[in-house]
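# Chain and residue survey
The primary structure of each chain is shown beneath.
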Amino acid sequence: MKKLTLIFWLIVAITSCTSKEEKIVPVYKSITESVYTSVTIQPDSLYQVYASVAGILEKNLVEENQVISKGTAIVQVVNNAPKLNTENAKLSLTLAKENYNGNAAILKGLKDEIVAAKIKFRNDSINFVRQQNLWNQKIGSKVAYDTKRLNYELSLNDLQLIKNNYNRTESQLLNTVKQAENNYKSSLINTKDFRVKSSITGKVYALFKEPGETITTTAPVATIGSATNFIIEMLVDEVDIVKISKNQKVIISLDAYNGRIFTGKVSKIYPLKDTRNQTFKVEALFDKAPEKLYPGLSGEANIIINKKDSVLTIPKEYLADFNKVKTDDGLVDISIGLQNMEFIEVLSGISKNTTIYKPE
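The rules behind the values
- Residues numbered from 1 in each chain as written.
- Predicted model: local features only at pLDDT ≥ 70, side-chain atom pairs only at ≥ 80, totals over all residues.
- Heavy atoms only, no water.
- Helix = DSSP H or I, 4+ residues; strand = E, 2+ residues; numbered from the N terminus.
- Areas by Shrake-Rupley, 256 points an atom, 1.4 Å probe, with all protein chains shown as cover.
- Pairing = 2+ DSSP bridges.
- Phe/Tyr/Trp six-rings, centres within 6.5 Å; stacked < 30°, edge-to-face > 60°.
- Buried < 20%, exposed > 50% of the residue type's maximum accessible area, 1.4 Å probe, protein only.
- Core = buried A, V, L, I, M, F, W, Y, C linked by side-chain atoms within 4.5 Å.
- Contact = heavy atoms within 4.5 Å.
- Salt bridge = Lys/Arg side-chain N within 4 Å of Asp/Glu carboxyl O.

Counting its secondary structure elements, the chain contains 4 helices and 20 strands. Accessible surface for the chain amounts to roughly 22800 Å². Of this, 53% is attributable to carbon and sulfur atoms.

In structure tokens form, the structure reads like this:
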């Protein structure tokens, strides 16, 4: 009998323990909805510098971490190819001018042909007119008249063809001169452009080549950016990008400043999605930047989407099936408002007196 009594109370104890569920009632509190994102710090106007000519790096004219002005020479490049190109371009220009100005035989020969054609045309014209007058007086033969007329027409046609040829050749030679002049001017620019210069006033963050190394036009020689202004670069998931707007507040924490919190505002949203990680690039500016910043500093941020004071909330872990809570009356549908990592705003469905249970 004692054994049966003991078993009975064990069953009761086990049943009472398993039926005991975690329960709470909703509470009124402030709630802030935000979008979490990773952070990388970069200088404003950061860009990579490229040389306009290939060659050998003779000298780095600045040092890393140096603040420079716009137009400051960064590196000195040695390249003999542009000098040879300039000499060839000058020779081509000289030849083109000689051909165009008539010192060579091209236009001069055509002018001589025009003079000869004019003389022949004049003679054939006079002979034709004389023969035509005789023919009008019924003197001479029809064959003689037709022959003089044909010679006249052929001379006129030849003269016109030679003139057209002269005008066409003159135009071609003039275009050749202009092209040669442009090539020569371009080669002069390349010849002088042995120093790569900065396009902005800022700081030299990196120099990629040492003296003696090969310089190409496709590889950067330096990285330059603002020395004082820094941008907060954030990668926002595509499911959250529609919530982001300019001037939204940003709460930032940087790994280099452990424990310190900084604030800023969204300044730019890039519209093109990065298909590799399905994110959009968003930039923000500090309200007050830290004392020291370096390119590539990392951290995390929360972009504040919305904030409400004194709203009915429940912990997120008490939500079941996306929009239901477990009550004494079973599962009840609720309408959800703002939410963050921990709490959810309840718009309707339950009240502050409703007891809800944590789902299993």
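Taken in spatial order, the 4 strands make up an open sheet running β7-β6-β4-β9, and their pairing is antiparallel. One side of each edge strand has no neighbouring strand; the edge strands of this open sheet are β7 (195-197) and β9 (214-215). Bridge analysis of strand β6 (residues 73-78) against β7 gives 3 bridges, and the strand direction is antiparallel. By the bridge assignment for β7, Val75 is matched with Val196.

With that settled, the discussion passes to the packing of aromatic side chains. Enumeration over the complete set of coordinates arrives at 6 aromatic pairs. The interplanar angle of 20° and the centroid separation of 6.0 Å between the aromatic rings of Trp135 and Tyr145 together place this pair among those described as stacked. Here Tyr145 lies in helix α4 (residues 142-192) and Trp135 lies in helix α3 (residues 105-136), a separation of 10 residues in the sequence. Judged by relative accessible area, Trp135 falls into the partly exposed class, the value being 30%. Each member of the aromatic cluster is reached from another via a ring pair, and the members are Phe121, Phe128, Trp135, Tyr145 and Tyr152.

A few words on unusual backbone geometry. We note that Asn65 has phi near 80°; this positive angle belongs to a residue other than glycine. Tracing the backbone through its elements, the reader meets Asn65 in the loop between β4 (55-60) and β5 (67-68). In this structure Asn65 comes out as exposed when scored by relative accessible area, which is 54%. Residues other than glycine seldom take positive phi values, yet Ser310 does so here, at roughly 50°. For Ser310, the position within the fold is in strand β15 (residues 298-315).

Now for the nonpolar core. Nonpolar side chains tend to gather and get buried jointly when the protein is soluble and globular. Counting residues in hydrophobic clusters, the biggest one holds 24 residues, and the most contacted among them are Ile41, Met234, Ile252 and Leu254. If you list the elements that add at least two residues to this core, you get β2 (27-43), β11 (230-237), β12 (249-254), β13 (262-274), β14 (279-286) and β15. Beyond its immediate stretch of four places on either side in the chain, Leu254 contacts Val39, Ile41, Phe262, Phe286, Pro290, Leu293, Ser298 and Gly299. Within the second largest apolar cluster, 18 residues are counted, among which are Ala51, Val53, Val75 and Val77.

Attention now moves to the environment of Lys203. By the secondary structure assignment, Lys203 is in strand β8 (residues 202-207). The exposure class of Lys203 is buried, given its relative accessible area of 18%. For the pair Lys203 and Val67, spaced 136 residues apart in sequence, the C-alpha to C-alpha distance is 4.2 Å. If near-sequence neighbours (up to four positions away) are discounted, Lys203 is found in contact with Asn65, Gln66, Val67, Thr223, Ile224, Gly225, Ser226 and Ala227.

Quick look at the pattern of salt bridges now. This model, assessed by the stated rule, comprises 12 salt bridges. A salt bridge links Asp287 to Lys265; the shortest N-O distance between them is 3.6 Å. Within this pair, whereas Asp287 is found in the loop between β14 and β15, its partner Lys265 is found in strand β13, the two being separated by 22 residues in sequence. Judged by relative accessible area, Lys265 falls into the partly exposed class, the value being 41%. Salt-bridge contacts for Glu345 lead to Lys308; the nearest nitrogen and oxygen are separated by 3.4 Å. Taken together, the positions of Glu345 in strand β19 (residues 343-348) and Lys308 in strand β15 put the pair 37 residues apart, joining distant regions of the chain. With a relative accessible area of 5%, Glu345 lands in the buried category. Taking relative accessible area as the criterion, Lys308 reaches 32% and is therefore assigned partly exposed. Each of Lys142, Asp146 and Arg149 takes part in salt bridges that share partners, so that together they form one network.

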